[in-house]
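Chain by chain, the residues:
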Amino acid sequence: AKEKKRHMGDTKHFCPVSLKENFVLYPGLYEHAAKYQEKIYYFSTSEYRDKFLKNPEEYVAHNEPIQAPPLRVCLLGTHGAGKTTCARQIADKLGIFHIQFEEYLQELILPKTKEKVGPDFDGEPEEDDNKMTILSQELDNFSQTMAKTEAEKSKQEVELTDEEEAIKANLMDNEALPPEVLDNIVLDWWRKEPFRSTGFILDGFPRTLHEAQYLSERGLCPDVAVYIQVEESDVLDRLFPPRLKEWKERQYRKMENKKKLKDLKAKIRV
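Sequence positions are assigned chain by chain, starting from 1 and proceeding in written order. It should be noted that, the model being predicted, local features are given only for residues of pLDDT at least 70 and side-chain atom pairs only at 80 or more, the latter also being counted only at that level, while totals for whole chains, interfaces and linings use all residues. For the side-chain quantities, the full set of heavy atoms in the structure was used; hydrogens and water were omitted.

The name that an unreviewed UniProt entry assigns to the protein chain is Adenylate kinase 9, with the source organism given as Eudyptes chrysocome.

So this is what it looks like as structure tokens:
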């Protein structure tokens, strides 16, 4: 084994072409091996092997060792497992970027939606609030206020692009993001600054087999993939109390609104 390691190329078992062109440590395959200057190099594809053989000097070390890319981590786990808390601590300790995937998607469409979308942000409709608004408007020049409200509403209505619609559908209904949309989001973290030279911990991606296959097809290899496994009871203990508190607050607001609604109706009858 030691003899074999001595004869491996500068990038060991990683593909030198993937490293040079994409700054990614992509494991090479034995069936795509080639020998150059008595050293063996392994490549991720036969195309990359042929590219290396055409101009090997472009992909081997010369005066200095080949620079390895920074750390790229994918942190996975069920909702409520504590991924974001752990990711922030790891990012601070290692000096790399923390990217919370779903939060990043929210930020992409927030300028147009004006509020976060998805099951975690869809509260129960406040019907009593709507009724009180109408009754209050009746008491204070209803028609004029309605006209102004409609005008403001029309100004705020902004049409989403196809990409933004796909992101919204993903956040609301878990619809798969098309590869072309992922290209506009994910590729930059591997290939553009400041992420390319600093590294990152990607919190909550990939979430599905479809997204994992996307990373593989694009040659975007994380150096480490960590899955946080927790007991279901721990997740319930963490998520249930704030949800219960929110529900109680909503019920209290409903009771208050019903009382105000009753008072407004009485005032209109008078």
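Asks: Run through the layout of surface pockets, naming residues and quoting values.
Replies: With a 1 Å grid laid over protein atoms only, a set of points is called a cavity when a 1.4 Å probe fits there but cannot get out and a pocket when it is open yet has protein on both sides within 12 Å along at least five of seven lines; lining residues have an atom within 4 Å of a point. Grid points are joined across faces, edges and corners, and a volume is the space filled by probe spheres set on the points. Space inside the largest pocket adds up to approximately 1200 Å³. Along its surface, the largest pocket is lined by 38 residues, and His79, Gly80, Gln100, Glu102 and Asp120 are the ones closest to its centre. Secondary structure elements follow DSSP: runs of H or I no shorter than four residues count as helices, runs of E no shorter than two count as strands, and numbering proceeds from the N terminus. Those elements that provide at least two residues to the lining of the largest pocket are strand S3 (72–77), helix H4 (83–94), strand S4 (97–100), helix H5 (101–113), helix H8 (162–173) and helix H12 (232–269). It is H12 that provides the largest number of residues to the lining of the largest pocket, a total of five residues. Tallied by class, residues from the lining of the largest pocket come to 12 nonpolar, 14 polar and 12 charged. Space inside the second largest pocket adds up to approximately 230 Å³. The leading source of residues in the lining of the second largest pocket is helix H2 (residues 16–22), at three residues. Any residue that is not Ala, Val, Leu, Ile, Met, Phe, Trp, Tyr, Cys, Pro, Asp, Glu, Lys or Arg is counted as polar, Gly included; the first ten are nonpolar and the last four charged.

Asks: Residue-level account of a nonpolar patch on the surface, with values.
Replies: Distance thresholds for patches are 9 Å for like charges and 5 Å for nonpolar side chains (Val, Leu, Ile, Met, Phe, Trp, Tyr), applied to residues having over 30% relative accessible area and no salt bridge. To be clear on the numbers: accessible area is Shrake-Rupley with a 1.4 Å probe, and residue cover counts the displayed protein chains and nothing else. Here, a salt bridge means any side-chain nitrogen of Lys or Arg that lies within 4 Å of a carboxyl oxygen of Asp or Glu. On the surface, Leu71, Ile90, Leu94, Val224 and Val226 cluster together into a nonpolar patch covering about 340 Å² of accessible area. Secondary-structure elements contributing two or more residues to the nonpolar patch are H4 and strand S6 (224–228).

Asks: How would you summarise the packing of H5 against helix H9 (residues 179–191) if you had to cite specific residues and measurements?
Replies: Relative to each other, H5 and H9 sit at 125°, their axes nearing to 12 Å. Regarding the angle of H5 to H9, the classification is oblique. Read as a crossing pair, H5 and H9 show a hand that is right-handed. For the pair H5 and H9, contact is made by Phe101, Tyr104, Leu105 and Leu108 and by Leu182, Ile185, Val186 and Trp189, respectively. For the contact of H5 with H9, the residue count by class is eight nonpolar, no polar and no charged. The convention used is that axes are lines fitted to C-alpha atoms, helices contributing only their stretch in contact, and that angles between N-to-C directions extend from 0 to 180 degrees. Note that the term roughly parallel is reserved for angles under 35 degrees, roughly antiparallel for angles over 145, roughly perpendicular for angles of 65 to 115, and oblique for everything else. Take the far helix as your reference; a near helix turned counterclockwise from it by less than a right angle gives a left-handed crossing, and one turned clockwise gives a right-handed crossing. By the convention used here, residues are in contact when the closest approach between their heavy atoms is within 4.5 Å.

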